[in-house]
Structure formats: C-alpha cells, structure tokens
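Okay, here's what each chain looks like letter by letter:
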Amino acid sequence: MTDYQDRTASRGTASEPLAAELTGVVKRFENAKGEVFTAVDGLDLRIRRGEVVAFLGPNGAGKTTSIDILLGLTRPDEGEVRLFGTDPERAVRAGRVAAVLQSGGLLPDLTVEATVRMLASLHPGADPERCMHRAGVTELRDRRVAACSGGEQQRLRFALALLPKPDFLVLDEPTAGMDVVARRDFWAAVREDAARGTTVMFATHYMEEADQFADRVVMVDKGAVVADGSASSIRAAISGRTVSALISPYEAELAARTPGVRATSVRGERTYFSCADSDALLRVLVGETRAREVEVAPRSLEEAFLAITENARADREARADREARAVREARPATPAPVKENA
Ligand SMILES: Nc1ncnc2c1ncn2[C@@H]1O[C@H](COP(=O)(O)OP(=O)(O)OP(=O)(O)O)[C@@H](O)[C@H]1O
C-alpha cells in the first residue's frame, strides 16, 4: 500500500462492521444533447465505524453525487452501496444515518426551537434540548430561521441531523460560504459529537478543514479516489511552495537546476517553480539572476492533486513492475522441448 492508501488513521478496527461500503459505484448523467458524462467512475470506499473521513476534491469531482448515492437519494448505474450492512434507504429510515446537506429544508418563519421541536416529533425518543445544545444553537432558540446567518442555519441543520441519534453523520460541504468564525464554531460542534464515537464523513473543498478535523482524507477527482490516507500523509505530499517570477527562459532554466526544484511551468509572463526548498531557490533567483517580482505561495490544492496523482501513478507502475518481476522469478525454468521419435 502507498502512503496515501495506508488507511492507518482509522479509529475502528478491521473486525468491526463497516459503517459504509461503496463498491465499483458508477453514475452517469446525460445532457440535453444526449451526451453521456460519467460523474462517478468506479468509486470504491470503505468507512469503518468511528472514523472521521474528509471527502476532498475540486469542483465537479463527484463528491455530492457520491454522497447522494451513499444516502440512497440517487441510484447508481453500477456498483453496490451498503450502510451498516444494509441498503441506504433502510439505514436512513432507521435513523442510523443523518445528513447535513448544502441547502434546503428549513422554514424561514419558524424559530430555531420550533424547527427542532417540530422535527423531533417525528423521531420517538429524540431529545431536542440536547441536540440544540450539542449543535451550539441553544442561545439562538427564539430567533427566526430567516434571521439566522448561513452558519447558524447550518448549525441548526446539524441539530436536526442529531435528532434520530445517528451512528453516522454525512455532511456535504457544510461550511460553504461561512466566515472563519462561523466555520470554527461549526466544527467545534461536530468535533464534540465525533468525540462520542459518531462516524463522520464530510465533503469539503478546504484542505485545512480536512487537515484539522479528519483522521482520514479521501481525495477524489473525476469521480474516482486518487488518494486515501491519514491527513499527515496527504499533507506531506503537498508540502513545499510555489515560487514564481518574471525571468528570462535562459535564467529560468539555470534556476530550475537548484536542488529541490521539482517542476517549472510558464503561465502568461510568469515562470512557476514547484519546489521543496523555496529558500534555496530564492537565494539563487535574487543572488544569481535578474528575476523580478518574485513571489512565494503555498502549494495550491490543484498542485497538490497533480503531485498526488503523479505519485499514485508512479506507485502503481512500480508495483506492477515488482509484481511482474516476482512472477518471472517464481516461474520454473521452461524445460527444453522433448523431441518425439517419429
Ligand atoms: N443531475 C445532473 N445532471 C447532469 N450532470 C450532473 C448532475 N449532477 C451532477 N452532475 C455533474 O456531475 C459532476 C459531478 O458533480 P458533483 O456535484 O457530484 O461534484 P462535486 O465534487 O460535489 O462538486 P462541487 O464541489 O462543485 O459541489 C459535475 O460535472 C456536475 O455538473
């Protein structure tokens, strides 16, 4: 297994039943012209109980579609989905799985408390006070939903999701559009719940959310898993900086020989150097070339994806080579053909 597929960050164990299991899931959409587009392309994912998994990917990677399939809201064209060993609809009906989706579902004229109590009546044994407290909305109880900020509405949705006392919480980009403080408060509430052993899977664009909150990060791109591992292994893969400058092609080539420079590219007038040791490159650019307007930036998520997919491809090729060699070496020498006498 590669660094990105070590799956060591689990809080569950292999002998425990899985919270979720997606095997070979494919979902295609057809546009008005009849062109077929594959949004989820053979997704395999196993989530053990107690794990907190970030589902990370760029726009259009297939996160929402995968989550809809996981929750039984969309049927896959191929593949199988199991939640707690049963089909998604049954698991959701039984209150074992609850979701905080990106929008919808709230009545603007009700107060926060009335909303929670109304939905609590659908779940025998639900404890509205406790759920409000756990989601951090107790202080907002008398506020109308329409007067709540986006972040407060998401916390309210979180309180509603807690009503059936789910074992598994699925959150689809729950903090999209929130400011830093609202995001921090939201995660504090979820984190507290996860500490009680609830399995959590959340989709996000934000690398730092995945890093701070998840103990496992699953990166998806083009509807398939491209990396899967502990946050630290993913972080290691995206460490490094991008240095860019206005520099002549000749001097750029010289600078690219600095140890630690992994790749260069040109966009517009700028040359971008992806490097592990930005200090060494800066010394060269400033001290030995006529480079101007030098900038240093953390590696972007897109660059991280490129690095990870490239590493994953190299790992796959190396593994295939090793396996082929092992097969060749294990094969007994072919005996010389025996000539039969006519
Ligand atoms: N009902 C649909 N009909 C046609 N195409 C769809 C439909 N739903 C999703 N898609 C397409 O499938 C791809 C994956 O979309 P999805 O919403 O799952 O991605 P995502 O990773 O959640 O993206 P984002 O981060 O932007 O929400 C996108 O290209 C999207 O346009």
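Only a predicted model underlies this, so the values are computations on that prediction, with no experimental measurement involved.

Right, let's talk about the sheet that holds strand β1 (residues 18–30) for a bit. Reading across the sheet, the three strands line up as β2-β1-β4 and stay open at both edges, with antiparallel pairing between neighbours. Each having just a single partner strand, β2 (36–48) and β4 (78–83) make up the two edges of the open sheet. This sheet shows a mean twist of 20 degrees between the axes of neighbouring strands, independent of strand direction. The pairing of β1 with β4 spans five bridges and is antiparallel. For Val26, the partnering residue across the bridge sits in β4 and is Glu78.

Pairing geometry for strand β10 (residues 241–246) and strand β12 (residues 270–275), over five bridges, is antiparallel. Bridged to Ser244 within β12 is Tyr272. Across five bridges, the pairing between β10 and strand β13 (residues 292–298) is antiparallel. For Leu246, the partnering residue across the bridge sits in β13 and is Arg292.

Time to look at the packing of helix α4 (residues 128–135) against helix α5 (residues 150–162). In contact at an axis separation of 8 Å, α4 and α5 are set at 140 degrees when each is read in the N-to-C sense. Classed by the angle they form, the pair α4 and α5 counts as oblique. The chirality of how α4 crosses α5 is right-handed. From α4, Cys131, Met132, Arg134 and Ala135 reach across to α5, where they touch Arg155, Phe158, Ala159 and Leu162.

Another point: the confidence of the model for the chain. For the chain, per-residue confidence averages 84 on the pLDDT scale, and 85% of positions sit at 70 or higher. Low confidence marks residues 1–15, where pLDDT is under 50. Its contacts with residues over four positions away, or in another chain, come to 35 contacts. Overall fold confidence for the complex sits at a pTM of 0.71, while the interface term, ipTM, reaches 0.96.

In the neighbourhood of the ligand, the contacting residues comprise Phe29, Phe37, Ala39, Gly57, Asn59, Gly60, Ala61, Gly62, Lys63, Thr64, Thr65 and His205. For the shell around the ligand, the elements supplying multiple residues, two or more each, are β2 and α1 (63–70). The residue inventory of the shell around the ligand, partitioned by class, reads four nonpolar, seven polar and one charged.

Right, let's talk about the domain arrangement of the chain for a bit. One can read the domain layout of the chain as domain 1 (18–235) and domain 2 (239–298). In this structure, domain 1 and domain 2 have C-alpha centres spaced 40 Å apart.

With 13 residues, α5 extends 19 Å between its outermost C-alpha atoms, agreeing within 8% with the 18 Å of an ideal straight helix rising 1.5 Å per residue. The element α5 is largely enclosed, with a buried count of eleven among its 13 residues. What α5 keeps buried is the set Glu152, Gln153, Gln154, Arg155, Leu156, Arg157, Phe158, Ala159, Leu160, Ala161 and Leu162. If you follow the buried residues of α5, they end up packed against β5 (97–100), α3 (112–120), α4, β6 (168–172) and α6 (180–195).

Okay, the sheet that holds β5 next. Taken in spatial order, the six strands make up an open sheet running β5-β6-β7-β3-β8-β9, and their pairing is mixed. At either margin of the open sheet sits one strand with a lone partner, and together these are β5 and β9 (224–229). Between one strand axis and the next, the sheet turns through 20 degrees on average, direction left out of account. Both β5 and β6 contribute to a ladder of four bridges, which runs parallel. Bridge assignment links Val100 to a residue of β6, and that residue is Leu171. On the sheet, α5 packs against β5 and β6 and is oriented at approximately 170 degrees with respect to β5.

What counts, and where the lines are drawn
- Residues numbered from 1 in each chain as written.
- Predicted model: local features only at pLDDT ≥ 70, side-chain atom pairs only at ≥ 80, totals over all residues.
- Pairing = 2+ DSSP bridges.
- Helix = DSSP H or I, 4+ residues; strand = E, 2+ residues; numbered from the N terminus.
- Axes fitted to C-alpha atoms, helices over the stretch in contact; angles between N-to-C directions.
- Parallel < 35°, antiparallel > 145°, perpendicular 65-115°, else oblique.
- Left-handed = near helix turned anticlockwise from the far one by under 90°.
- Contact = placed C-beta atoms within 7 Å.
- pLDDT = per-residue confidence, 0-100.
- Near = placed C-beta within 6 Å.
- Nonpolar A, V, L, I, M, F, W, Y, C, P; charged D, E, K, R; others polar.
- Domains from an automatic or database assignment.
- Expected span 1.5 Å × (residues − 1).
- Buried ≥ 20, exposed ≤ 12 C-beta atoms within 10 Å, placed from the backbone.

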